[in-house]
Structure formats: C-alpha cells, structure tokens
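Here's the letter readout for the chains.
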Amino acid sequence: MTIVLIRHGETDLNAARGRQWPDTPLGERWRAQARALGARFVGSRPAALLSSDMTRARQTAEAISLATGVPVRESPLLAERNFGVLRGRRFDELGHDPIRDERGPPEGESMALFRERVARARDWVRAARREAGGDVLVVSHGLVIRVLLAENCAWPDSASPPEALSNTSVSVLDPEPPHAVRLCNCARHLDAGIADSGRGVVGV
C-alpha cells in the first residue's frame, strides 16, 4: 500500500507565473496532460482518491477518477496556501518572493497557519488511508506537497525534497510514518510536447 501525492495540471496563470485564484481552471495544454495522467493509472484500483477543493486540483482528480472508476473526495485542507491580495498578480511583478515570506500577505495565510493546516491535511489523509485499507491518491498543490515531503517524510541520506514540482508529477510514499519516499516528482507520463516548461511557479 502507498500514499501517492499528485500535483494538479497546468493552468494558464500558473504558466504565466501568476498567483492563482481558487477557481482558476486548468489550461489548454491540460487536455493532453489529462489523457496522459489518466493513462498512467488505467488498470489500477486505488482504495481512495482525495483532492483539494480548488478547481484546478478537482479537474485533475476527475481525470484520474474517469480512468480508475474511483470517486473523488474533496477537502479544503488540501488547498494551496492563500496569498490574499496577491492573487491574480504575476510573480515577476512583485519585487519579492511571497512563497518564502513567513508572515503572509494581507488577507492571506502566514506560513505558520499554512503548516498547521497542512498538518491537519496529513492527518486526514492518514485516516482516509487507514479507512480505505489500500493505495490512496492525493491531488493537491505545489506548496502543500513540498511541505508534506519536507516535514513529514523520511529521505535517504543523499536525497532531499525538490525545490520545484512539475505539473501532474507523482510522488509515492510508504503508507505509515515516517513515510519513506519511494518516488518523487515523477512526470514520465508526459512527453516533451506537453510537459511544463519549468518556468511556472511551483505553487499556487
């Protein structure tokens, strides 16, 4: 059994390095990404499929649901960090890195509050895995997955969490603490024509 963390597919605002809204939908390139991600899980039968309630994650999870026949369960605990008044603005126009700002922007979420919420999301995923008794797929966002990987998983001595996660990337963890990382940031299901450029913002 495993816990599988999956980042949502690409959005147009993500590719343009913008802070995203909760209802930002997936972009045009996602049509091909969806087919590829779904094909990766065809024939598998995860015990549960969990998702952030933000549109881009939910649409990603729905593609997996279509391929596996497993219904999606949503939770706001898995949502991306709230960047408040910075939503909709391009990263390159801000003059600073809000991702590394521990305080958080006005009307947004500080890193302390964000980490606390991610910890509750971790506990919810663990409970869902115990209840389901099998593999659990979790569709979420770059910053959520980064915190989970960095603060809640066991890494080999020579490895560490990546700074960036590709759209639709897959990371596989042992189901029980300390959640040894078996696979990280794998996007082998995407060919060069539909993989993200690497320039997009890792989160939001």
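Bear in mind that the values here come from a model prediction, so they are computed numbers and not experimental data.

Chemist: Got a minute to help me understand the environment of leucine 149 in this structure?
Modeler: Structurally, leucine 149 can be placed in helix 5 (residues 142-152). Distance in space between the C-alpha atoms of leucine 149 and alanine 180 is 9.6 Å, their sequence separation being 31 residues. When near neighbours in sequence (up to four residues on either side) are disregarded, leucine 149 contacts Leu5, Trp155, Pro161, Pro162, Leu165, Ser171, Leu173, Val181 and Cys184.

Chemist: Would you take a moment to explain the sheet that holds strand 2 (residues 48-52) for this structure?
Modeler: Working definition: the strands of a sheet are paired by backbone hydrogen bonds and lie parallel or antiparallel to each other. Spatially, the six strands line up as an open sheet ordered 3-2-4-1-5-6, and their pairing is mixed. The sheet terminates laterally at strand 3 (72-75) and strand 6 (181-186), the two strands that pair on one side only. With direction set aside, neighbouring strand axes in the sheet form an average angle of 20°. Judged from the three bridges that link them, strand 5 (residues 170-173) and strand 6 form a sheet pairing that is antiparallel. By the bridge assignment for strand 6, leucine 173 is matched with valine 181. Sheet contacts for helix 5: strand 1 (3-7), strand 4 (136-140), strand 5 and strand 6; angle to strand 1, the most-contacted strand, approximately 145°.

Chemist: What's the story with the packing of helix 2 (residues 30-41) against helix 3 (residues 55-68) in this structure? I'm lost.
Modeler: Two measures define how a pair of helices packs: the angle their axes make with one another and the distance between the axes. It is the contact of helix 2 with helix 3, at a shortest axis distance of 8 Å, that shows an interaxial angle of 45°. Here helix 2 lies oblique to helix 3, going by the angle between them. The handedness of the crossing between helix 2 and helix 3 is right-handed. Residue-level inspection shows Trp30, Ala34, Leu37, Gly38 and Phe41 of helix 2 in contact with helix 3, the latter providing Gln59, Thr60, Ala63, Ile64, Ala67 and Thr68.

Chemist: Even after reading the chapter, I still don't get the pattern of salt bridges, so can you show me in this structure?
Modeler: A pair can form between side chains of opposite charge whenever their charged atoms are brought close. Scanning the model with the defined rule gives 10 salt bridges in all. Ionic pairing is found between arginine 58 and glutamate 74, a salt bridge with its closest N-O pair at 3.8 Å. Of this pair, arginine 58 sits in helix 3 while glutamate 74 sits in strand 3; the two residues are 16 residues apart in sequence, bridging distant segments of the chain. Overall, glutamate 74 belongs to the partly exposed group, its relative accessible area being 39%. Beyond isolated ion pairs, a larger network of salt bridges with shared partners links Arg58, Glu62 and Glu74.

Chemist: Hey, could you run me through the nonpolar core in this one?
Modeler: Across soluble globular proteins, nonpolar side chains show a tendency to be buried alongside one another. With 25 residues, the main nonpolar core has Leu5, Leu50, Phe114, Val138, Leu149 and Leu173 as its most contacted residues. Once you skip the residues sitting within four places of it in the chain, leucine 5 turns out to touch Val138, Ile145, Leu148, Leu149, Ser169, Val170, Ser171 and Leu173. Counting 17 residues, the second largest nonpolar core, distinct from the first, contains Trp30, Ala34, Ile64 and Val170.

Criteria and cut-off values
- Residues numbered from 1 in each chain as written.
- Predicted model: local features only at pLDDT ≥ 70, side-chain atom pairs only at ≥ 80, totals over all residues.
- Heavy atoms only, no water.
- Helix = DSSP H or I, 4+ residues; strand = E, 2+ residues; numbered from the N terminus.
- Contact = heavy atoms within 4.5 Å.
- Pairing = 2+ DSSP bridges.
- Axes fitted to C-alpha atoms, helices over the stretch in contact; angles between N-to-C directions.
- Parallel < 35°, antiparallel > 145°, perpendicular 65-115°, else oblique.
- Left-handed = near helix turned anticlockwise from the far one by under 90°.
- Salt bridge = Lys/Arg side-chain N within 4 Å of Asp/Glu carboxyl O.
- Buried < 20%, exposed > 50% of the residue type's maximum accessible area, 1.4 Å probe, protein only.
- Core = buried A, V, L, I, M, F, W, Y, C linked by side-chain atoms within 4.5 Å.

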